[in-house]
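As a plain string of letters, each chain reads:
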Amino acid sequence: MKRTVALSASVLLVAVALASLAISALQAESSAREAGRSPLAGPGGADANPRGEEGPESPGRGGRDARPNIVVIMVDDQAHNTFSRKVQPRTFRHLLDDGGTAFPRAAAVPPLCCPARAGFQTGQYPHNHGVTSNNYKLLRDPENVLSAWLKRAGYETGFVGKYMNKYELVRGTRPAPGWDYWWAADGRPDYFDARISDEGEPYTEKRYLTSATTDRAIEFLRQAQRRRPYFLWLSYYAPHVGRDRSQAACPRSAPQVLGRDWRAVRDTRLPRPLSYDERDVADKPAEVRVLPRLDRKARFRIRRNLLCTKAAMRAVDRGVARVVREIKRRGEWERTVIVYLSDNGYFFGEHRIPTGKSRPYREAVEVPFVIRAPKRVLGAAPPKRTAALVTNIDLAPTFLELAGAEPCIGPGRCRILDGISLLALLRGEDDLRDRAILLELGPERCRRYDGVWTAKANYTEWFAEGQGGRCRTTDLEYYDRTRDPHQLHNLLSRRRAVRGARVVPGSSELRRLLGELRGCAGVAGRDQTERPCA
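As the structure is a computational prediction, the values presented were derived from the model and not from experiment.

**Student:** Explain the overall build of the protein to me, please; I cannot follow it from the model alone.
**Tutor:** Helices and strands together make up the secondary structure of the protein, namely 16 helices and 13 strands. Burial analysis of the protein (534 residues in total) assigns 56% to the buried set. Restricting to contacts in the protein with at least 6 residues of sequence separation, those with at least 24 account for 68%.

**Student:** Sorry, what's going on with the state of the cysteines here?
**Tutor:** Each disulfide consists of one covalent bond between the sulfur atoms belonging to two cysteines. Taken as a whole and judged by the stated rule, the model has four disulfides. A disulfide bridge connects Cys250 with Cys308, and the sulfur atoms are separated by 2.1 Å. Residues Cys250 and Cys308 share a disulfide whose torsion about the S-S bond is about -105°; that sign makes it left-handed. Taken together, the positions of Cys250 in the loop between strand E7 (230-235) and helix H8 (259-265) and Cys308 in helix H10 (residues 296-329) put the pair 58 residues apart, joining distant regions of the chain. The residue that forms a disulfide with Cys520 is Cys533, at a sulfur-sulfur distance of 2.1 Å. The chirality of the disulfide connecting Cys520 with Cys533 is right-handed, given an S-S dihedral of about 100°. Pair noted here: Cys520 is in the segment after helix H16 (507-517) and Cys533 is in the segment after H16, with a separation of 13 residues, a long-range link.

**Student:** Explanation requested: the sheet that holds strand E1 (residues 69-75) in the structure shown.
**Tutor:** Each strand in a sheet pairs with its neighbour through backbone hydrogen bonds, running either in the same direction (parallel) or in the opposite one (antiparallel). If you walk across this open sheet you meet the nine strands as E2-E9-E8-E1-E7-E3-E4-E5-E6, and the pairing is mixed. Sheet topology places strand E2 (101-102) and strand E6 (201-205) at the edges, where each strand pairs with a single neighbour. Two strands pair when backbone bridges link them, and strand E3 (residues 156-162) and strand E4 (residues 181-185) are joined in this way by five bridges, in the parallel orientation. Looking at the pairing, Lys162 lines up with Ala185 of E4. In this fold helix H7 (residues 209-223) packs onto E3, E4, strand E5 (194-198), E6 and E7, with an angle of close to 175° to the strand it touches most, E7.

**Student:** Help me understand the sheet that holds strand E13 (residues 471-480), please; the structure alone is not making it clear to me.
**Tutor:** In space, the four strands of this open sheet follow the order E10-E11-E12-E13, with antiparallel pairing throughout. Strand pairing shows two members of the sheet lacking a second neighbour, strand E10 (436-441) and E13, which therefore form its edges. Within this sheet the neighbouring strands show an average axis-to-axis angle of 15°, counted without direction. Inspection of the sheet shows strand E11 (residues 449-454) paired to strand E12 (residues 457-465) by five bridges, in the antiparallel sense. Bridge pairing in E12 places Trp453 opposite Asn458. Each of E10, E11, E12 and E13 touches H16; the most contacted strand, E12, lies at about 60° to it.

**Student:** Explain the pattern of salt bridges here, please?
**Tutor:** If charged atoms from side chains of opposite charge come close, those side chains can pair. Tallying each qualifying case throughout the model produces 43 salt bridges. A single network of salt bridges, built from pairs that share partners, joins Glu440, Arg447, Asp450, Glu461 and Arg518.

**Student:** Honestly, unusual backbone geometry in this entry has me stumped. Any pointers?
**Tutor:** Glycine aside, a negative phi is what most residues show, and trans is what most peptide bonds show. With an omega of -15°, the peptide bond between Val109 and Pro110 qualifies as cis. In this fold, Pro110 is placed in the loop between E2 and helix H3 (113-122). Following Ala238, the chain continues to Pro239 via a peptide bond in cis, the omega torsion being 0°. A positive phi angle is found at Asp77, which is not glycine, with a value near 75°.

**Student:** I tried to follow the side chain of Ser235 on my own but got confused; where do I start?
**Tutor:** Relative to the elements of secondary structure, Ser235 occurs in strand E7. A polar contact of 2.6 Å, which involves the side chain of Ser235, links it to the backbone oxygen of Lys162. In this structure, Ser235 is in contact with Met74, Arg117, Phe159, Val160, Gly161, Lys162 and Thr213, ignoring residues within four places of it in sequence.

Rules of the game
Residues numbered from 1 in each chain as written. Predicted model: local features only at pLDDT ≥ 70, side-chain atom pairs only at ≥ 80, totals over all residues. Heavy atoms only, no water. Helix = DSSP H or I, 4+ residues; strand = E, 2+ residues; numbered from the N terminus. Buried < 20%, exposed > 50% of the residue type's maximum accessible area, 1.4 Å probe, protein only. Contact = heavy atoms within 4.5 Å. Disulfide = S-S within 2.5 Å. Pairing = 2+ DSSP bridges. Axes fitted to C-alpha atoms, helices over the stretch in contact; angles between N-to-C directions. Salt bridge = Lys/Arg side-chain N within 4 Å of Asp/Glu carboxyl O. Polar contact = N/O pair within 3.5 Å; in protein donor to acceptor, adjacent residues only side chain to side chain.

Structural data, given as structure tokens:
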């Protein structure tokens, strides 16, 4: 009898212990759900794995993470006049015709390589991320960037191509923060014999740089884990001007190209916009007013550079097709978001500007910009085309929303993003009709210029340092691009002021908006900031 009672007591104790364990498990699962993480993620959730080796998965043990892959294909210095179906038929077929969305009014913020790339990685304007010229050293909190946010959220991250200007002067050949896979060309590489950092190991790439860049993007895709989503930034150096010795076809002032690509474009007729070799630039700022008319030699050089640029884009077009083919081979086409864009535009003689970028005119500001977001990812069919004003700083918040991630690398280490997510726009829930964006370039002590850009007009204030280092306004520009799409008539020119026509309808509103955007941060309704950017 005593043995029976003892046995019953033992059974009761075991039952109580099991019930206690079950209750604890249920409480832990409930807490995990309230914290916004999978109960399978472990006690530390996503933060428990700072190297980003394993992220949260979709329901089902061992199943693939349900979040989409993200691929960004960025080119360097491509203007709209070289982004066409004739030059890049594969890019148009795969990224636009097959469910993509074109953004013809997309703008580079600002129109210069390194500041624009910093904006892409931080979702911020230059006055917040710090990069106001082509110098990576200026980037504030360089570890706190998009690649690190997505890696922390469980994405496998890969970078291939050109990173940021003068990066190698700061970190040498070491991979930048946040990247699991790293293959980067020197800040200003050659198209042949480019200096490369391969996972931190330097070597000289003998192959044509565009082709080699595509090869390494394919390598990343082939080794990427299938159960985790990935983020690939494929950053082509083309069609940036080269540093190589001049070719028979293309001089050093142009991108270097493969022979077959040059032969395909050399007889192409090139239309000239009304702004080409602008007849009267007296209404432009001082740095444009001093430019001479284009002589015969300059015209020949511009034509040659434009043809070489078109030729360089043919190799990029083949690369896009190869990347798409690999994504489809992996069975991931309908769960992969692909973005194609240029970091800034480029001048080919417009407004007498023979070459370069950075100035606040359409040729430099407006860039090719395409997003292919599958209906399966969005939950709705995206539009084929939108006139909305979007920018490179909108991509980081878009990707974070897709990934369910935050712009943080740890507690108290978050950025406030100035860009807005484009998912509502792609789903047809917003049109960004009245949006205004800030263009700013130059050191904080005295900007080169500050300006406001809308879908219909733009206003710019130009500055220069005067005596005693004081910053003074030198010129004002206002263009109504609905009536003057080529920006030929500055409605705030000094010449008009002499005639008493300085007050122009619309310019005062943009001047007011510029005052609001200077020093802005965050987005109203999303961020708690005193002066939101949108």
